[in-house]
Amino acid sequence: MSKKLLIMAGAAALLLASAAHAQVKPPAKPDEPSGRWGEAGKKAVDIGTQPVRDVGLSKRDIPPVLVKAFDDPYSLKGLKSCQALANEVKALNVVLGPDYKVGAEYAENRAGKLAEAGGKTIINSIIPFRGLVREVTGAAPADRQMNAAVDAGLARRGFLRGVHLKQGCKTKF
């Protein structure tokens, strides 16, 4: 592929993916772009930078709170008070996103999901034998490690919320 075609494909993927997202509507944080465009922007950047991660030029660091969760997801060390439990859950929420809420509205933009799939398809077609390249460069094992840390973080958050509830805590997350 020519350099111009690669640039155009990347730009198209970013534009297509900018409207793509499915979300449970969390409250907006004052320091982050809110709504559809904030989430879509993050998704577009993630899709657009995928080839750089695939060839091992960029790596994602596992946040320390997830490393801690991976090491011992059911530890209560240093979490004696309700406030300490709530602070730990809040720290996990920052990294994992909002937790499941009963009765929360789920909205999916079908056109956005199609655009996201199209953007990913274009970006993923840039690298021939992508799966093999990801294994050789270490990108696939790094993704598996990140996924394991996220799973541990989700388990820890659920566990801590259960302990928080069992202790009769009223502090908010």
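Refer to the preceding data block for the structure.
Report on the accompanying structure.

Procedures and definitions
- Residues numbered from 1 in each chain as written.
- Predicted model: local features only at pLDDT ≥ 70, side-chain atom pairs only at ≥ 80, totals over all residues.
- Heavy atoms only, no water.
- Helix = DSSP H or I, 4+ residues; strand = E, 2+ residues; numbered from the N terminus.
- Expected span 1.5 Å × (residues − 1).
- Contact = heavy atoms within 4.5 Å.
- Core = buried A, V, L, I, M, F, W, Y, C linked by side-chain atoms within 4.5 Å.
- Buried < 20%, exposed > 50% of the residue type's maximum accessible area, 1.4 Å probe, protein only.
- Patch = residues over 30% accessible without salt bridge, like charges linked within 9 Å, V, L, I, M, F, W, Y side chains within 5 Å.
- Areas by Shrake-Rupley, 256 points an atom, 1.4 Å probe, with all protein chains shown as cover.
- Salt bridge = Lys/Arg side-chain N within 4 Å of Asp/Glu carboxyl O.
- Arc of directions from axis to C-beta.

**Focus on helix α8 (residues 139-166)**
No. 1: Between the first and last C-alpha of α8 there are 40 Å, a value that for 28 residues agrees with the 40 Å anticipated at 1.5 Å per step.
No. 2: Where α8 is buried, its residues contact α3 (50-54), α4 (64-71), α5 (82-96) and α7 (130-137).
No. 3: Following α8 by one or two positions, G168 adopts a phi angle in the positive range, close to 75°.

**A word on the nonpolar core**
No. 1: One finds V65, L66, L79, A84, L85, V89, L92, A149, L160, V163 and C169 forming the largest nonpolar core, which totals 11 residues.
No. 2: A total of 4 residues in this core trace back to one element, the largest contributor, which is α5.

**Observations concerning a nonpolar patch on the surface**
No. 1: The grouping of F129, L132 and V136 at the surface amounts to a nonpolar patch, some 400 Å² of accessible area in total.
No. 2: By the secondary structure assignment, L132 is in helix α7.

**A word on helix α6 (residues 110-124)**
No. 1: Its 15 residues give α6 an end-to-end C-alpha distance of 21 Å, which sits within 8% of 21 Å, the value for a rise of 1.5 Å per residue.
No. 2: Turning to α6, its buried residues number three or more, namely G112, A115, E116, G119 and I123. Looking straight down α6, one finds that the buried residues subtend no more than 100° of arc, so they occupy a single side. Across from the buried face of α6, at angles greater than 90 degrees, the exposed residues are R110, L114 and T121.

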